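Residues per chain, in single letters:
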Amino acid sequence: MKVGIPKEIKQGESRVGMTPAGVSELVKHGHTVYVQHTAGDGSGFPDKEYEEAGASILPTMEEVYAAADMIVKVKEPIAPEYPLIRKDQIVFTYFHFACERELTDAMLKSGAVCIAYETVQKADRSLPLLIPMSEVAGRMATLNGAYYLQKTKGGKGKLISGVPGVEPARVLVLGGGTVGEAAARMAAGLGASVIITDINLPRLRQLGMELPPNVHTVYSTEHNIRKLLPTVDVVVGSVLIPGAKCPHLITRDMLQLMEPGTVLVDVAIDQGGCFETSRPTTHEDPVYTIDGIIHYCVANIPGAVSHTSTLALTNATLRYALALADKGWQQACRDDHSLYLGLNVVDGKVTFKAVAEAFGMEYEPVEL
């Protein structure tokens, strides 16, 4: 198969779809790999390393899309890429369709096979291609929250760890999944007083046993969240319903409960955000303030640490990319149900139920 790795063009995105090590594995399996010129520069992987791994370097995005049977990316295609995607071409990337109607319509029109990293799901309901970026995003969410607590950044002027004789900051983490656990661990490691919430009692028990003693668990209800908000300094939103839009756990009126300078970090912004007042921001312009509350809603948080993120992502996606290239998408999805669950849009049809429900479209599961 001919595999293409274009340069990411979304604002502030420095990651690349595959490392040279991943390219080398594809080449060993007999596949041809095309990498766009300078695609890996932002992650610390120059063209020379890809050439040494066996890839062919093409000068433009257009040439990569035209040459490839399968495109491997990091972020969803954006408008300049839509006309480059053709019928029956496999596009393997993060899509987050449920909050992007324009993207969904464009991929339906293209007739491509769109396999979304974020909905590939194992039998135990874990999300193997979302986990590595969730681990990065959770850690970064805490670091960014701590940064914007500084008075010079509009925050309360609190040091997240405190110092001897001075209490640490209080961090509230909404959602006890991979992002939430990573955020709580990072905050606890920095010395903060941490509360993590979830609606899954067995998960709360697990977190209570595994996380450090300065992390406390609370069952997630609107009443409990409203009670906690006046007491916290940083809130990390990490709620996820695979493939679907997130519920709003903090509504506009709830901002009044928080002290001015409180920092909200919405890691769920790729799926619509879990704060009613959230809107996507960029690394270049990451925050805005509403009613005195700082909102950090960068839609590609792991892009800030692109070298680490690209390595972690390739470690997770490579086995699936190899299966798709070796077998073709239909046989690969027959052999691996978790990959089958990644099928979101195929040949002009919405094939993932949550996406269809988000837009009132017909859901047509793929028959293999």
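Residues numbered from 1 in each chain as written. Predicted model: local features only at pLDDT ≥ 70, side-chain atom pairs only at ≥ 80, totals over all residues. Heavy atoms only, no water.

Considering the side chain of glutamine 36
- Examined against the element boundaries, glutamine 36 turns out to sit in strand β2 (residues 32-36).
- Within polar-contact distance, the side chain of glutamine 36 engages the backbone nitrogen of lysine 7 at 2.8 Å. (Helix = DSSP H or I, 4+ residues; strand = E, 2+ residues; numbered from the N terminus. Polar contact = N/O pair within 3.5 Å; in protein donor to acceptor, adjacent residues only side chain to side chain.)

Section: the packing of aromatic side chains
- Scanning all chains against the criterion turns up five aromatic pairs.
- Aromatic pair tyrosine 94 and tyrosine 117: ring centres 4.8 Å apart, planes at 85°, arrangement edge-to-face. Of this pair, tyrosine 94 sits in the loop between β5 (90-93) and α4 (101-110) while tyrosine 117 sits in the loop between β6 (113-116) and α5 (131-148), and the two are 23 residues apart along the sequence. Take tyrosine 94 and tyrosine 117: they sit in the same class, and that class is buried.
- Among the aromatic side chains, those forming a connected cluster through ring pairs are Phe92, Tyr94 and Tyr117. (Phe/Tyr/Trp six-rings, centres within 6.5 Å; stacked < 30°, edge-to-face > 60°. Buried < 20%, exposed > 50% of the residue type's maximum accessible area, 1.4 Å probe, protein only.)

Brief notes about the pattern of salt bridges
- Under the counting rule described, the total for this entry stands at 20 salt bridges.
- The salt bridge involving lysine 28 is made with glutamate 25; its shortest N-O contact spans 3.5 Å. Placement of the pair is lysine 28 and glutamate 25 together in helix α1 (residues 20-28), with a separation of three residues, close to one helical turn.
- Given the relative accessible area of 62%, lysine 28 is considered exposed.
- Classification of glutamate 25 as partly exposed rests on a relative accessible area of 28%. (Salt bridge = Lys/Arg side-chain N within 4 Å of Asp/Glu carboxyl O.)

So, the sheet that holds strand β12 (residues 287-290)
- Overall, mixed pairing links the seven strands, which are arranged β9-β8-β7-β10-β11-β13-β12 in an open sheet. Whereas interior strands pair on both sides, the edge strands pair on one side only; in this sheet they are β9 (215-219) and β12. When the angles between neighbouring strand axes are averaged without regard to direction, this sheet yields 20°.
- The strands touched by helix α6 (residues 178-189) within the sheet are β7 (170-174), β8 (193-198), β9 and β10 (234-237), with β8 carrying the most contacts at an inclination of about 170°. (Pairing = 2+ DSSP bridges. Axes fitted to C-alpha atoms, helices over the stretch in contact; angles between N-to-C directions. Contact = heavy atoms within 4.5 Å.)

Side note on the packing of α1 against helix α9 (residues 306-327)
- It is at 10 Å that the axes of α1 and α9 come closest, and there the two elements cross at 20°. Judged by the inter-axis angle, α1 sits roughly parallel to α9. For the element pair α1 and α9, the recorded crossing hand is right-handed. For the pair α1 and α9, contact is made by Gly22, Glu25 and Leu26 and by Thr314, Leu318, Ala321, Leu322 and Ala325, respectively.
- Its residues assigned to classes, the contact of α1 with α9 comprises five nonpolar, two polar and one charged. (Parallel < 35°, antiparallel > 145°, perpendicular 65-115°, else oblique. Left-handed = near helix turned anticlockwise from the far one by under 90°. Nonpolar A, V, L, I, M, F, W, Y, C, P; charged D, E, K, R; others polar.)

With respect to the packing of α5 against α9
- Contact geometry for α5 and α9: axes closest at 8 Å, N-to-C directions at 155°. Judged on the interaxial angle alone, α9 and α5 are roughly antiparallel. Taking contact as the criterion, the partners of Pro132, Met133 and Val136 in α5 are, on α9, Ser309, Ala312, Leu313 and Ala316.
- Counted by class, the contact of α5 with α9 contains six nonpolar, one polar and no charged residues.

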